[in-house]
Amino acid sequence: MQPLFYDKNLPFFQPQDMINDVEYKEVALLSLCDRLGRGNLDEDRIKEEKERIESFKAYFEK
């Protein structure tokens, strides 16, 4: 849920708590798999989901 919270700029996004427990890249990968695994996505939607996850990862790589 953390990538969703980040993407929607929700107050539930707690990056420090998350990275204390898990690697952010693992969270990003699982989130991408979850989003793409919903099926029936066209190429534009797939690209959009990948960009959202890359944005989430970039937050931690700054």
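Trainee: For this particular structure, what's the right way to read helix 4 (residues 43–61)?
Mentor: Every α-helix carries 3.6 residues per turn, so stepping three or four residues along brings you back to the same face. Taking 1.5 Å as the rise per residue, helix 4 with 19 residues should run 27 Å; its terminal C-alpha atoms sit 27 Å apart, in good agreement. Burial in helix 4 covers these residues: Glu49, Ile53, Phe56 and Phe60. With its buried residues spanning 50° around the axis, helix 4 presents them on a single face. Counted as exposed and oriented over 90 degrees from the buried face of helix 4: Glu43, Asp44 and Lys47. Close packing links the buried residues of helix 4 with helix 1 (2–7), helix 2 (15–21) and helix 3 (24–36).

Trainee: Help me understand unusual backbone geometry in this model?
Mentor: Glycine aside, a negative phi is what most residues show, and trans is what most peptide bonds show. A positive phi is found at Asn9, a non-glycine position, where the angle reads about 55°. Overall, the relative accessible area of 69% leaves Asn9 in the exposed class. Its identity is not glycine, yet Asn40 carries a phi of approximately 55°, on the positive side. Secondary-structure assignment places Asn40 in the loop between helix 3 and helix 4. Taking the relative accessible area as the measure of exposure, Asn40 reaches 86% and is therefore exposed.

Rules behind the numbers
- Residues numbered from 1 in each chain as written.
- Predicted model: local features only at pLDDT ≥ 70, side-chain atom pairs only at ≥ 80, totals over all residues.
- Heavy atoms only, no water.
- Helix = DSSP H or I, 4+ residues; strand = E, 2+ residues; numbered from the N terminus.
- Expected span 1.5 Å × (residues − 1).
- Buried < 20%, exposed > 50% of the residue type's maximum accessible area, 1.4 Å probe, protein only.
- Arc of directions from axis to C-beta.
- Contact = heavy atoms within 4.5 Å.

Honestly, that's just the spatial picture; any functional story needs more than this.
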